[in-house]
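# Structure at a glance
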Amino acid sequence: MTFFRLDNKWLIWPLFLFLMVYAILRALFVEPLFDELATLYWYIQTGYLPGRGATMDANNHILNSLVSHQFFRLFGDHFFVYRLFALCSFPIYFFASRKFLLKTKTNFSILIFLALVSIHWIFDYFSFSRGYGPSLAFLILAFCFIQKWLEGHKTASYIGIMLSFLIALLCNLSLLIPLVILLFYLIFISLIRFKQFTTKQLFGFWITTLCFITFLIPVYIYIHKLKKAGGLWWGSLDGLWEVTGKSLAQNVLFTDTDFLKFIFLFLILILVLIFLINWRKTGFLNFIQKPECWIPALFGFALISFVVLARFMQVNYPMDRVGMYLVPLFILSFGLLVQKIPIAKWSLLLLLWFPVSFVYKMNLDTSVFSPEDRIHRTFYEKIADQVQTDDVISADYVSQASYAYLTRKEKTPHVATDYLTTDSLSRGDYHISWVDKLNWSGYSCLLYDQVSGTRLYKRTGKVEKQLILDTLIPQLKSNQSVISLLSLPLEGYSNQLIQAFIDGSVQLDKYCLDLNLRHEIQSVTGERRADNTRFNWYFGRKTDYSFHYPNHFISILPEDRFLHIRFYNDDLNEVTLKAVRVKIVAVTKSSNNLVARN
């Protein structure tokens, strides 16, 4: 057992290097999750963090978005660059976990440590452009500073705690509850142990605490705004086990069977019993400063907080990654309490599940959570081989986010249309979907990605079309908010389906965040209905690019008068459009029973 110890550098350093190299390889090769792409499109590219134009969504892990935005400006559009912040936080998580457990001084601490660093679900987030991994790194770092502060009450240690709290919270706002609980614990310690503090230490403590509380005020205001805007929608009020317990079990144990609920209840009861025995044996004043007291207490109070907030304030129970921090808290609570009980310490061998399952789950192409939230490049290349120039591609929202990013390496991206579940006409000749299976009449599944579950569907019938307009706009230069390409009168096309194909080149004076192409149908009353492209998804920071956009079918109603094709230039950039070709066709016959709405 002398080799398998936390203080054995011949074990720790090779393990760290192995895990670090693995994390780097995942950051290089694993295609981005939808959550990462949403962060890129909404925050990293734009720099709206939060502020003008910022999307009000909890997906904004502020510090990760801010750092990645600076990397975006410095190094350009490379997803590995956006993942550097999370990658750089893994050494903090690894060595802070080791340092925290070194002070427990038992042979079984190595099992707790191996469990903490080998939860593949959590490990995934150290190679993703998300804030969950870094937030855990700084939470564990805060635990180390708390240990040190409890030993000597030094102001420097307490400042380290508060700085770790601040960084962790900016990485992941869902840590607000455990951090506030810990803050109250530290204040409580300062009150019951105030005679052990020097005047200078008390002054430093309260000044630092007030500074952190002041920081919490705008954080709370922002979280409240997110809730009002509907940005805290993840999770539900269906119950602690149904929402939090099952989602965590599925990602950690790979099953969410209800039988696990009774196992966890039994384990928690055992831990409570051990907790109370240690309390009585050690005495309250001594026990409260030990990690085997305040770590399980933090876990317990966090669970109680979820129930109270859900019942009295209708705050959703945290689901999967929002409650991710509960997993290391439970492992630490279980390990710290059990390892000192001779008759029970061998149960810590159960923690070997984590390194064993980690090895089983190792890969360079997917993730434990939401493997379907991405399109693999090899699958994208198969799609590109199938689709012809004027074929219309539609995609679910999640799939289009992945598809758009993959097209960035193309000289002329084939822009997909947005699929609306309420509008069957928005389906393209080919449709990309992450949904398990679509049973659409007139479509068949052409390709299936075994890793992500993404499917490519193809329209089976033929559609005959008649050309009604083919025009070329040699050049158009403008810095107006609306740049009109074409206005087509619709008399004579009532109750018909028309379709537009547009391609051309765009030059910008600087990379544009809000340049989008829209098709608008104007009725006799002046009302308009429109569809919108997402050019910033496809072109990022490019200032000179070409595009090809076959749009889906548009139904012409009797009251419709004009089709307007326009660029919307919300940032008022200098835009030069070159060789823009607009081709419009009308459907004359379809074997798919395509029918215009009337």
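Higher on the page you've got the structure.
Reference entry: report on the structure contained in this document. These numbers were taken from a predicted model, which means no experiment stands behind them. (Residues numbered from 1 in each chain as written. Predicted model: local features only at pLDDT ≥ 70, side-chain atom pairs only at ≥ 80, totals over all residues. Heavy atoms only, no water.)

### Some points on the overall build of the protein
Secondary structure assignment for the protein yields 20 helices and 14 strands. Judged by the C-alpha coordinates and their principal axes, the protein covers about 90 × 50 × 50 Å. With 598 residues in all, the protein has 56% of them scored as buried. Partitioning the contacts of the protein with sequence separation of at least 6, the portion at a separation of at least 24 is 78%. Averaging the coordinates of the 57 positive side-chain charges in the protein and doing the same for the 43 negative ones gives two points 12 Å apart. (Helix = DSSP H or I, 4+ residues; strand = E, 2+ residues; numbered from the N terminus. Buried < 20%, exposed > 50% of the residue type's maximum accessible area, 1.4 Å probe, protein only. Contact = heavy atoms within 4.5 Å. Lys, Arg positive; Asp, Glu negative; His and termini not counted. Charge placed at Lys NZ, Arg CZ, Asp CG, Glu CD.)

### Here's the deal with the sheet that holds strand 4 (residues 443–448)
Ordered in space as 2-1-3-5-4, the 5 strands form an open sheet in which the pairing is mixed. Whereas interior strands pair on both sides, the edge strands pair on one side only; in this sheet they are strand 2 (417–418) and strand 4. Pairing between strand 1 (residues 393–395) and strand 3 (residues 430–433): 3 bridges, direction parallel. The residue bridging serine 394 from the neighbouring strand is histidine 431, located in strand 3. Those strands touched by helix 18 (residues 377–386) are strand 3, strand 4 and strand 5 (455–459), and its axis lies near 135° from that of strand 4. Across the sheet, helix 19 (residues 397–406) touches strand 1, strand 2 and strand 3, and the angle it forms with strand 1 is around 125°. (Pairing = 2+ DSSP bridges. Axes fitted to C-alpha atoms, helices over the stretch in contact; angles between N-to-C directions.)

### Observations regarding the sheet that holds strand 13 (residues 560–569)
Each strand in a sheet pairs with its neighbour through backbone hydrogen bonds, running either in the same direction (parallel) or in the opposite one (antiparallel). Pairing in this open sheet of 4 strands is antiparallel, and the strands run 7-13-9-10 from one edge to the other. Two strands bound the open sheet, and with one partner strand each, they are strand 7 (482–489) and strand 10 (528–532). With strand direction ignored, the average angle separating the axes of adjacent strands in the sheet is 20°. Direction of pairing for strand 9 (residues 515–523) relative to strand 13: antiparallel, over a ladder of 9 bridges.

### Overview of the packing of helix 8 (residues 132–152) against helix 15 (residues 291–313)
With their axes 12 Å apart at the nearest point, helix 8 and helix 15 run at an angle of 140° to one another. Here helix 15 runs oblique to helix 8, going by the angle between their axes. Judged by the twist between their axes, the crossing of helix 8 over helix 15 is right-handed. Every residue of helix 15 that contacts helix 8 at Phe143, Ile146, Gln147 and Leu150 is listed here: Pro291, Trp294, Ile295 and Leu298. Considered class by class, the residues forming the contact of helix 8 with helix 15 number 7 nonpolar, 1 polar and no charged. (Parallel < 35°, antiparallel > 145°, perpendicular 65-115°, else oblique. Left-handed = near helix turned anticlockwise from the far one by under 90°. Nonpolar A, V, L, I, M, F, W, Y, C, P; charged D, E, K, R; others polar.)

### Overview of a nonpolar patch on the surface
On the surface, a nonpolar cluster with roughly 830 Å² of combined accessible area is contributed by Phe188, Leu191, Ile192, Trp206, Ile268, Val272, Leu276, Trp279, Phe284 and Leu285. For the nonpolar patch, the secondary-structure elements that each account for two or more residues are helix 10 (176–192), helix 13 (259–282) and helix 14 (284–287). For the nonpolar patch, the element with the most residues is helix 13, which contributes 4 residues. With respect to the helices, strands and loops of the structure, phenylalanine 284 is situated in helix 14. (Patch = residues over 30% accessible without salt bridge, like charges linked within 9 Å, V, L, I, M, F, W, Y side chains within 5 Å. Areas by Shrake-Rupley, 256 points an atom, 1.4 Å probe, with all protein chains shown as cover. Salt bridge = Lys/Arg side-chain N within 4 Å of Asp/Glu carboxyl O.)

### Section: the pattern of salt bridges
All chains considered together, the criterion is met by 16 salt bridges. In this structure, glutamate 520 and arginine 566 form a salt bridge, with 2.9 Å as the shortest nitrogen-oxygen distance. You can see glutamate 520 sitting in strand 9 and its partner arginine 566 sitting in strand 13, a full 46 residues away along the chain. You can call glutamate 520 buried: its relative accessible area is 4%. Classification of arginine 566 as buried rests on a relative accessible area of 12%. Between aspartate 560 and arginine 529 there is a salt bridge whose closest N-O contact spans 3.0 Å. Of this pair, aspartate 560 sits in strand 13 while arginine 529 sits in strand 10, placing them 31 residues apart in sequence. If you follow the salt bridges from partner to partner, you end up with Asp35, Asp320 and Arg321 in one network.

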